[in-house]
Amino acid sequence: MKIDINPNFKFNFKWKKLFGGKKNIYLIFGIILVLLILLFNSTHIIANLQWFDEVGYTRTYLTRALAIAGLTLPIFLVFYIISILYYKSIAKKYDSISYPKKTEAEIRTRNRYVYTISGIFFLIVSYGLASDYWYVILQYFNSVDFNQVDPVFSKDISFYVFRLPMYQFLVSMAISVVVLLVLLTVLIYLLIAAKSSFNRLNFRNARGILHVIKSGFIQFAGKALAMLISLFMVLLALKYYMDSYLVMFNESGVVYGPGYTDIKINVPFLRIIALLSAVSAIVVAYGILKKKINLIAYPVLGIFALSIIRVLAVFAVEALVVNPNQLETERPYIVNNINMTRQAFGINDVEIRQFEADKDITATEINENRDVVDSIKINSYRHTLDFIKQAQVIRGYYDFNDVDVDRYVINGEKKQVFLSAREIDRNLISPDTWQNMHLFYTHGYGVVMSDSSTATSQGQPDFLMKDIPTTNNTDIPIENPRIYFGELVSDYVIVGTEYDEFDYPKGGENETYRYTGDAGIRLSFLNRLLYAIEEKEPKILISSLIDENSSIIRKRNIRERVVSIAPFLTYDSDPYLVVANSKVYWMIDAYTITDRYPNARTFNGINYVRNSVKVVVDAYTGDVDFYLADPEDPIAISYNRIFGGLFKDLNDMPEPLREHIKYPEDLFEMQTTVLEQYHVTDAGIFYNGEDVWEKSKVTTTNDQEKVAQEPYSLFTSFGDEQGLELVFTEYYTIKGKENMVAIVNVRMEGDHYGQLVEYKFPPQKTVSSPYLFRNKLNQDPEISKELSLLDSGGSAVEFGDMVIAPIENSLLYVVPIYLVAEGENSIPEIKRYVLSNDDKIVIGDTFMSTLGQLFDFTVGEEQEGPGGVVEERLAREANDLFDQATAAQRAGDWAEYGRLMEELKRVLESMFDQ
């Protein structure tokens, strides 16, 4: 008996029954593919919703999302219904004249394809329009009056900013739809209907062919075309009428906006053409239906003729009326442009103070203004940042993005200080493993603060806060110096893991930390899956270091954070640090802008700007608060209505933060640029270009070409308030010259916040601009010799920020001279000071000794002045050396400790010798 030892594992499993053939297999794979696409795309939406919920701005996100969705639907329905109704009317005509006749089944199949393709096409178009114009539509329905009218049509400014863009959008969209339908009608007839007719034509009879096409086309689409062209003419009438208002943005001519020819010729002609277009709508429709070509041609020719006459009239009036007497003809329109531009950029209320710029300032006047003199900024931004990057980085993964200037009351004295945040730069982390990048190096640590008006005996910044842990020589408490949100960070971190975070280096070890703030989203299993997909990082899902107590913190870059919440605002390029309430904050200025302010000249694409919003970001928790700083700005009010009270009242900002509100540098820079031309209010002087200013240029070395300088900071007094004020200041020369004609300051304290103050110099006097003074400095034999001696031996001389401080009715020029070693990682140090009253120039080793040279102080007089300056400088130096020695001791660097103690001994002996 044979036994079959090969078992029969043959199954009669019918795959075709399971899947129902190849078509169903493809269908299943297609469904799986669609589900995967939806899954991966939906993660972004869910992650965004979670993030907005975390920061407390879900309503802002949903307002935009729902606005787009809510606008997409009606736009789609309008487009789709019009197109389908129009298609049905055309299809019915086509089916009646087509040859051979189509069956009912063929018509249903064709209609199904047309409905589907039209639906997809118009849905995409509608979504695109809603995404691009949602804010235009919402601002239209939430418009706010400016309570100011334009000088030509007496329309409130809100008409141009909020309503006219909406009208233009609707008319433009409607014209596009009408033109599209007309083209489709013609195309459909020529490609389909005519083809069926050609089958029965004698091609030798060209006239007969044209007659058939003409009669067939009229029969095929006559009524539809009559309706469309009539509608087009109505829309054209609306467009011409709106164009008459667009002369307010005319960039040609003597000034920005309407001129004589625009008002006398262009506007009347545009409105006549608009009226003719409206009348033509009826005439053209009647002509098409009655097959009377003349009735169609006459209105079109009339509009064309009027357009030609308008162009000829413009040239004639310009040549015969305007150009022979242009100033007098255009004078009222020049005045309009000046007034509207100054109003749009907030420079219409500049306080002008005549300033003699005498050169006979006395030692007595210096002593009477010692609060201003002692507060003069002798450290420059760039050199201070370079020094901090060398002396305070501590470890290779730290960096400082920039230096901010602010004012603080320190130990009872108001000072102008520099601040900089020590952040982790992920590009400097090595090795850049996922664990290091996202779990270990999670935050920066500490703030560096220095007094801008003093320097150590080595010419280095006088630190008030420094090192890790923070050495704080002020009475400003800072209990939590950790920086999870900043300018350099750009990636997510995960906190609350099984792995402690790096806090700061301590000797040869590292201190660790665990985040205790409420930022971040808890990583449940589903969230781990979600963010593994969203961040394209499977380690988030599989890492054993992450559990349900862990949280992911995203969008840590402060700019990205605020832009994500409110992308409709424009943000200042330089966020700045604030130390308040024992914590570290970032403050960012936000602007509302438009290019639709009538009759105002455009600068950098805008012609209206207001610093309407102040944004505060907590550097530890990431909390973001928007405060309405300008409650009279209609654009900001409109946004607040749209987003349901997004902006808080400025009075709700905590007082310690409100004390550090500054006027934004970007806005001041823009306003001072506009002032170069628009400081002039007389139409004749403006027209002739007699008094055009230019911002003074500067150089940092003798070899460098002169370049534009950012706004300077200055601590000064205006005589109407007690104490000193921090201001930004700009120096002006006559265009093409180097003689300084004015200084413009912006105040930022109390009720004077935002007040522009112009010190105007007598036109007959020669007052040195920064660049002219730099040339005078180089031409002085003694100073030139001194600089040549310094500029040798592997080091280079660089000029620091020049300060020109008004003292009484004179100017005090101060230039720190830096010595910078050649090569990378050099430490800039102030080695000399140059001071001048714009007549006598002196150079010295210290600021006070140089001041004594300039004003013939004796040592005794210097010591008798307010503050005991010499002793204070040595005391600061001793304190600085002691702090450095203590830090070296903690780090175990005994050689450095010994050197610093010897240096401290020398300084103390110098103090006893005083």
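What counts and how
Residues numbered from 1 in each chain as written. Predicted model: local features only at pLDDT ≥ 70, side-chain atom pairs only at ≥ 80, totals over all residues. Heavy atoms only, no water. Helix = DSSP H or I, 4+ residues; strand = E, 2+ residues; numbered from the N terminus. Contact = heavy atoms within 4.5 Å. Areas by Shrake-Rupley, 256 points an atom, 1.4 Å probe, with all protein chains shown as cover. Buried < 20%, exposed > 50% of the residue type's maximum accessible area, 1.4 Å probe, protein only. Pairing = 2+ DSSP bridges. Salt bridge = Lys/Arg side-chain N within 4 Å of Asp/Glu carboxyl O. Core = buried A, V, L, I, M, F, W, Y, C linked by side-chain atoms within 4.5 Å. Patch = residues over 30% accessible without salt bridge, like charges linked within 9 Å, V, L, I, M, F, W, Y side chains within 5 Å. Phe/Tyr/Trp six-rings, centres within 6.5 Å; stacked < 30°, edge-to-face > 60°. Lys, Arg positive; Asp, Glu negative; His and termini not counted. Polar contact = N/O pair within 3.5 Å; in protein donor to acceptor, adjacent residues only side chain to side chain. Arc of directions from axis to C-beta.

### What about the overall build of the protein?
And step 1. When you go through the protein residue by residue, the secondary structure sums to 26 helices and 32 strands.
And step 2. Taking contacts inside the protein between residues at least 6 apart in sequence as the whole, the part at least 24 apart equals 67%.
And step 3. Of the accessible surface of the protein, which amounts to about 43,800 Å², a share of 56% is contributed by carbon and sulfur atoms.

### Regarding the pairing of strand S26 (residues 740–746)
And step 1. Of all seven residues in S26, seven are buried; the element is thus mostly enclosed.
And step 2. In this sheet, S26 lies alongside strand S25 (residues 725–734) in antiparallel orientation, the contact comprising six bridges. Bridging across to S26, threonine 729 finds its partner in asparagine 745.
And step 3. Here S25 folds back onto S26, and the loop between the two strands holds five residues, one of which, glycine 736, carries a positive phi near 85 degrees.

### A short note on the pattern of salt bridges
And step 1. A complete count under the given rule lists 33 salt bridges for this structure.
And step 2. Across the pair glutamate 694 and lysine 697 runs a salt bridge whose closest N-O atoms are separated by 3.8 Å.
And step 3. What you see here is one network of salt bridges that share partners, running through Asp406, Arg407, Lys414 and Glu749.

### Re the nonpolar core
And step 1. Counting residues in hydrophobic clusters, the biggest one holds 219 residues, and the most contacted among them are Leu569, Val615, Phe626, Phe647 and Leu811.
And step 2. Looking at this core, the element that brings in the most residues is helix H5 (residues 157–198), giving 14 residues.
And step 3. If we ignore the near neighbours within four places in the chain, the residues touching phenylalanine 626 are Tyr57, Val562, Ile565, Ala566, Leu569, Tyr571, Val613, Lys614, Val615, Leu646, Phe647 and Lys648.
And step 4. Trp434, Tyr492, Ile546 and Ile552 belong to the second largest nonpolar core, which has 14 residues in total.

### Let's talk about a nonpolar patch on the surface
And step 1. Among the surface-exposed residues, Ile45, Leu49, Leu62 and Leu66 lie close enough to one another that they form a single nonpolar patch of about 340 Å² accessible area.
And step 2. Only helix H2 (22–55) and helix H3 (58–97) provide two or more residues apiece to the nonpolar patch.
And step 3. Mapped onto the fold, isoleucine 45 is located in helix H2.

### Looking at the packing of aromatic side chains
And step 1. All chains considered together, the criterion is met by 50 aromatic pairs.
And step 2. Here phenylalanine 440 and phenylalanine 502 contribute two aromatic rings whose centre-to-centre distance is 5.8 Å and whose plane-to-plane angle is 50 degrees, an arrangement assigned as tilted. Separated by 62 residues along the polypeptide, phenylalanine 440 in helix H13 (residues 434–440) and phenylalanine 502 in strand S11 (residues 501–506) bring together distant segments of the chain. Of the two residues examined, phenylalanine 440 and phenylalanine 502, each falls in the buried class.

### Topic: the side chain of aspartate 572
And step 1. Mapping aspartate 572 onto the fold places it in the loop between strand S15 (570–571) and strand S16 (576–580).
And step 2. Buried charge aspartate 572 goes without a salt bridge, the closest partner of opposite sign being arginine 559 at 6.1 Å.
And step 3. Side-chain polar atoms of aspartate 572 contact the side chain of tyrosine 591, separated by 2.5 Å.
And step 4. Setting aside its immediate chain neighbours within four residues, aspartate 572 contacts Arg559, Ile588, Asp589, Tyr591, Pro664, Glu665, Asp666 and Leu667.

### Regarding unusual backbone geometry
And step 1. Following serine 430, the chain continues to proline 431 via a peptide bond in cis, the omega torsion being 0 degrees.
And step 2. The topology assignment puts proline 431 in the loop between strand S4 (413–424) and H13.
And step 3. The residue after isoleucine 468, namely proline 469, is reached through a cis peptide bond having omega -10 degrees.
And step 4. Inspection of the secondary structure assignment puts proline 469 in the loop between strand S7 (461–466) and strand S8 (471–472).
And step 5. A positive phi angle is found at asparagine 581, which is not glycine, with a value near 55 degrees.
And step 6. Among the secondary structure elements, asparagine 581 is positioned in the loop between S16 and strand S17 (583–594).
And step 7. Relative accessible area serves as the criterion here: at 40%, asparagine 581 is assigned to the partly exposed category.
And step 8. At asparagine 604, a residue that is not glycine, the phi angle is positive and equals roughly 55 degrees.
And step 9. Relative to the helices and strands, asparagine 604 resides in the loop between S17 and strand S18 (608–618).

### Side note on helix H22 (residues 781–790)
Turn by turn, an α-helix covers 3.6 residues, leaving residues three or four places apart pointing in a common direction.
And step 1. If you check which residues of H22 are buried, you get Ile783, Leu787 and Leu790. Angular distribution of buried residues about the axis of H22 spans 60 degrees; they occupy a single face of the element. Of the residues in H22, the exposed ones pointing more than 90 degrees away from the buried face are Pro781, Glu782, Lys785 and Leu789.
And step 2. The elements touched by buried residues of H22 are helix H21 (770–779), strand S28 (795–799), strand S30 (810–821), strand S31 (829–836) and strand S32 (841–844).
And step 3. For H22, the N-terminal cap is aspartate 780; the gap from its side-chain oxygen to the backbone nitrogen of glutamate 782 is 3.2 Å.

### A look at the environment of tryptophan 134
And step 1. In this fold, tryptophan 134 is placed in helix H4 (residues 104–141).
And step 2. Judged by its relative accessible area of 6%, tryptophan 134 falls in the buried class.
And step 3. When the C-alpha positions of tryptophan 134 and isoleucine 68 are compared, they lie 6.0 Å apart, and in sequence the two are 66 residues distant.
And step 4. Setting aside residues no more than four positions away along its own chain, tryptophan 134 makes contact with Arg64, Ala67, Ile68, Leu71, Leu129 and Phe643.

### A few points about the sheet that holds strand S13 (residues 521–522)
Sheet strands associate in pairs through backbone hydrogen bonding, adopting either a parallel or an antiparallel arrangement.
And step 1. If you walk across this open sheet you meet the three strands as S10-S14-S13, and the pairing is antiparallel. Here the strands that pair on one side only, and so sit at the sheet edges, are strand S10 (493–495) and S13.
And step 2. As judged from the two bridges shared by S13 and strand S14 (residues 551–553), these two strands associate in the antiparallel manner. What sits directly across from isoleucine 521, in S14, is isoleucine 552.

### Section: the side chain of lysine 555
And step 1. Relative to the helices and strands, lysine 555 is located in the loop between S14 and helix H16 (558–565).
And step 2. Of the side chains with opposite charge, glutamate 560 lies nearest to the buried lysine 555, which makes no salt bridge, at 5.3 Å.
And step 3. A polar contact of 3.5 Å, which involves the side chain of lysine 555, links it to the side chain of asparagine 48.
And step 4. Those residues in contact with lysine 555 that lie beyond four places of it in its chain are Asn48, Trp51, Phe485, Glu560, Arg561 and Ser564.

### Structural notes on helix H14 (residues 525–534)
And step 1. The buried fraction of H14 amounts to seven of the ten residues, a majority that puts the element mostly inside the structure.
And step 2. All of the buried residues in H14 are Asn527, Arg528, Leu530, Tyr531, Ala532, Ile533 and Glu534.
And step 3. Lysine 536 lies just past H14 and shows a positive phi near 55 degrees.

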